[in-house]
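Observations on the model geometry
Each chain, written out:
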Amino acid sequence: MQKTVENLSLFLLIVVVVVRPLVAETYDSAGSPLTAALGAVSDPTPVRTLVFDLAILIGACGWLASRFFGTPRRYRWTGLEWGGGLIIVAAVISCVFAGNKRLAINASADWLCLIVLTIGLVQLMHRRWQRRLVLAAVMASACAQAVHCADEYFWGFPDTWAHYESMKAEFWAQQGVELDSAKVEMFERRMRAHEASGYFPHSNIAGAYLIMCGLVGVGITAVQWRWAADPVGVALAVFCTLAVAVVLLAAFLTGSLGALVAGGFGVVVWLFVRWKALWIDRHRRGALVIGWVCAVVGMLAFVGHGLVHDRFPHMSLTFRWQYWKASAGLMADHVWTGVGRENFGRKYLQYKPIDSPEEISNPHNLFVQAMSEWGVLGLGGIVVILVGVSRVVARPVLRRGFRDDDAEPEPGLVAWWLWGGALLVTLTVVRLALIDTDADKFFAFAYSTSVVTGMAWLAGFAAFSFNDQAGIGSSPLKKGGKKRDRVTGSDPIGFLERPIVPTALAVALLVFLLQDMINFASFVPGSATTCFTLLAVCVAQRVGVEPVPAGRGNRGRIAAIVAGLLATVGFVVLTAWPVVSANRSLVRAEKMAPQIAPAPISSQLADRFYREALAADPLDPTPAVARAGWLYSITSIPQLREPAFALAVESVEEARKRDPFDVKLPRMLMQLHRAEAEYMHAPEDYLSAVRAAEEALKLYPLDPPGIKSLADCLTEAGTASGSQDLLRQALETYQKAMDVDDSRLEWETIRRFRARELDEIREQMNGIRQRLSATE
């Protein structure tokens, strides 16, 4: 019974590890306007992420329940526990003070579930074949990701560009964007960059993920070749080599320079560790201290260079430095509470200087993001985790545990492929379930999104289904004789415990962490899940398995399972259920939105479902924003116009209560008031638009387009009311917009006002001067 429960829990956790890197996720229920405009077949929602988190919690509870059957094992400490506890406290505090609390709760809960995933895998991977299975599953998903990147690079980009060109005008018109705007130019530059991103939101994330997995694959391949003693072994080594080559080639296709440089640094570290292996084995504690000293000194040198020169040799690094400088003020103002996970981009705009061109949603640095979003306790938690994990990873790889589970028979070929087949079927079913399109297109998309992915995953799983029995109790044959392994001697040791593979795992994790000094892959679900999984394998290789001493009571086990169940129930009640309920009502509302009946707004089915979504999740602003957009769309109906405007304004105000630092909301309110003023010709509506524009500027003070919008509102209000004071303010505001825009860096040309926009501003200013002159 114990093995059955453990295997079910392990399978559930591995499913999360396999599927997550191969699907798109989001914490925000608002969706992407770009995705909608391009007509994607699967627009991600937070429900996906919550399902993964719930699966992790259920898997962990399964492991806790298994301890009541058979012989329980001691808890295996991972190094994550104390730091994870600090982050729990920091996350709770930051969620209380966050602007968008739903985003903060969703994202914080997901990251904490990754710690649970790591701990659960470590407890469940107490046999060698389980660690082999997890690594094979990870590398199989990396192969599927690599194939998708190659398809995207060689075939997807040309097709996407042709599709975009065919609908360019309509595409941007749906979003209310002029074709000569900076947004269009930046979008097209990214597309022309031809950087593959796979299933991830950004090419840098895909690069970090693929380099990390590629280094692990290099370690496995090296041992495969070392132990290839027959034609079958050589064939497996060749197959494994080809799979790793595909993964590393895909990393190049992402165009992520940071990932490639970090990977190169990792290879240098790897060679150095191999060179000094004997010394490190004898002085592990000293080697760990030296490693930490080098890391701290390197970080201080990097920051010192930035402080002295205020730039770096590469433009990308200079951008990062600008992010961190602007984040310093944000961190100082929210040192204890943070701004909440995924809320960084909302608050950053208040601190962004005009000479920092990019409007970012995260600071591209693990420590800065932890400090900004979780406060000083969150930063402390990250540091404690890194120290604790490094101490565990610095331990020698165990040759045999206290409990001799490895003496039990390994699963046969049939059992192994039953595991692989079950994982493949689950992956295929999940990906098919995510396709959201009509029946005519379903089968075409099913082939491209599930069959091709499944075939690539299966090939990767086969390539890394290595034989753990090779070389156990002996050493590789060299020129007809046996050679004693210099580290492990002749002790029984598994394939994964050979020195090359543990070192490859440690180096891969180091490379991932190093790139995250200028990246944010550790906060992206798919890449972070893989990183934490490889960490679990690395820790499980070094922490022994021991039974609970005889006579020990069940009090601790009962407390643990109760805590796990309470955490799971709390997650469902406080997070999953409100989000799922609101999402369901929101989908219904969007389906009913085009159907307008000749009846009051309160009787419309769409409005009913929008209000249900608002009530289902009192923290999420998305239903209120969506309802306001729908209400604005029906203002074209004369008999509904006045109440629709009033309710739309009311909905936006409700959204602002739920997300007070999102600059898009006061901008939306401003547009509503301007549209209402055009219909109703009421001066107070123009003044309401002015106030909304001023609120937007409080959230983003140095925003030339926002300053121009305020000037437009002042002009309209002054013209409608005949107020010379408002017109003078408009004149000054137009001038301020141009002055702020002129203070951008010289090379920054994309985001500057276009010539058309400058001509419009000058024309407005001349008109205002003429009106003022006529009244004086």
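About the cut-offs
Residue numbers run consecutively from 1 along every chain, following the written order of its sequence. Per-residue local features are limited, in this predicted model, to residues with pLDDT of at least 70; the limit for side-chain atom pairs, both in listing and counting, is 80 or more; totals at the level of whole chains, interfaces and linings are taken over all residues. Side-chain calculation: all heavy atoms of the structure are included, whereas hydrogens and water are not. Helical segments are the DSSP runs of H or I of at least four residues, strand segments are the runs of E of at least two, and each set is numbered from the N terminus. The size measure is the radius of gyration over C-alpha atoms, and the globule rule it meets is 2.2 Å times the number of residues to the 0.38 power. With a 1.4 Å probe rolled over the protein chains alone, any residue whose accessible area is under 20% of its type maximum counts as buried; one over 50% counts as exposed, and the rest are partly exposed. Whether two residues touch is decided by their heavy atoms; if any such pair falls within 4.5 Å, the residues are in contact. Per-residue accessibility takes into account occlusion by the displayed protein chains alone, with areas from the Shrake-Rupley method and a 1.4 Å probe. Think of it this way: Lys and Arg go in the positive column, Asp and Glu in the negative one, and His and the chain ends go nowhere. A charged residue contributes its charge at one atom only: NZ of Lys, CZ of Arg, CG of Asp or CD of Glu. A pair of sulfur atoms, both from cysteines and within 2.5 Å, is called a disulfide here. Every helix has an expected span of 1.5 Å times one less than the residues it contains. One fitted axis covers the seven residues ending at a residue, a second covers the seven starting there, and the bend at that residue is the angle between these axes. Here an axis means a line fitted to C-alpha atoms, over the contact stretch when the element is a helix, while the angle between two N-to-C directions is reported on a 0 to 180 degree scale. Under this scheme an angle from 65 to 115 degrees is roughly perpendicular, one under 35 degrees roughly parallel, and one over 145 degrees roughly antiparallel; angles in between are oblique. For any helix crossing, the convention is left-handed if the near helix is rotated counterclockwise from the far helix by under a right angle, and right-handed if that rotation is clockwise. Throughout this entry, Asp, Glu, Lys and Arg are counted as charged residues, while Ala, Val, Leu, Ile, Met, Phe, Trp, Tyr, Cys and Pro are counted as nonpolar. The remaining residues, Gly among them, count as polar.

1. A look at the overall build of the protein chain
Helix and strand counts for the protein chain stand at 29 helices and two strands. A compact globule built from 776 residues would reach a C-alpha radius of gyration of about 28 Å, and the protein chain, at 29 Å, matches this within 12%. Overall, the protein chain is about 105 × 60 × 50 Å in size when its C-alpha atoms are taken along their principal axes. Burial status across the protein chain gives 52% buried among its 776 residues. At a minimum sequence separation of 6, the contacts of the protein chain that also span at least 24 residues come to 77%. Accessible surface computed for the protein chain: about 34200 Å², of which carbon and sulfur atoms make up 64%. Distance between charge centroids for the protein chain: 13 Å, based on 75 positive and 72 negative side chains.

2. Details of the state of the cysteines
Under the counting rule described, the total for this entry stands at zero disulfides. Unpaired in this structure, Cys213 has its nearest cysteine sulfur neighbour in Cys143, at a distance of 9.0 Å. Not engaged in a disulfide, the cysteine Cys240 finds its nearest cysteine sulfur in Cys143; these two sulfurs lie 8.5 Å apart.

3. Some points on helix H14 (residues 315–333)
For H14, spanning 19 residues, the distance from its first C-alpha to its last is 28 Å, which sits close to the expected 27 Å at 1.5 Å a residue. Along H14, the sharpest change in direction is near 30° and occurs at Ser327. Where H14 is buried, its residues meet helix H9 (203–226), helix H13 (284–309), helix H15 (344–348) and helix H16 (366–393).

4. With respect to the side chain of Ser651
Counting through the fold element by element, Ser651 comes out in helix H24 (residues 638–658). The buried category is assigned to Ser651, whose relative accessible area is 3%. Residues in contact with Ser651, not counting those within four places in the same chain, are Ala624, Arg627, Ala628 and Leu631.

5. Notes on the environment of Gly263
Among the secondary structure elements, Gly263 is positioned in helix H11 (residues 257–275). When its relative accessible area of 6% is taken as the criterion, Gly263 is described as buried. With 194 residues separating them along the chain, Gly263 and Trp457 place their C-alpha atoms 24 Å apart. For Gly263, the contacting residues outside a window of four places in its chain are Ile211 and Val511.

6. Considering the packing of helix H6 (residues 128–166) against helix H10 (residues 231–253)
Where H6 meets H10, the axes come as close as 9 Å, and the angle between the chain directions of the two elements is 45°. In this view, H6 runs oblique relative to H10, as classed from their interaxial angle. Handedness of the H6/H10 crossing: left-handed. Here Ala142, Cys143, Ala146, Cys149, Ala150, Tyr153 and Phe154 of H6 lie close against H10, whose contacting residues are Ala243, Val246, Val247, Ala250 and Leu253. Tallied by class, residues from the contact of H6 with H10 come to 12 nonpolar, no polar and no charged.

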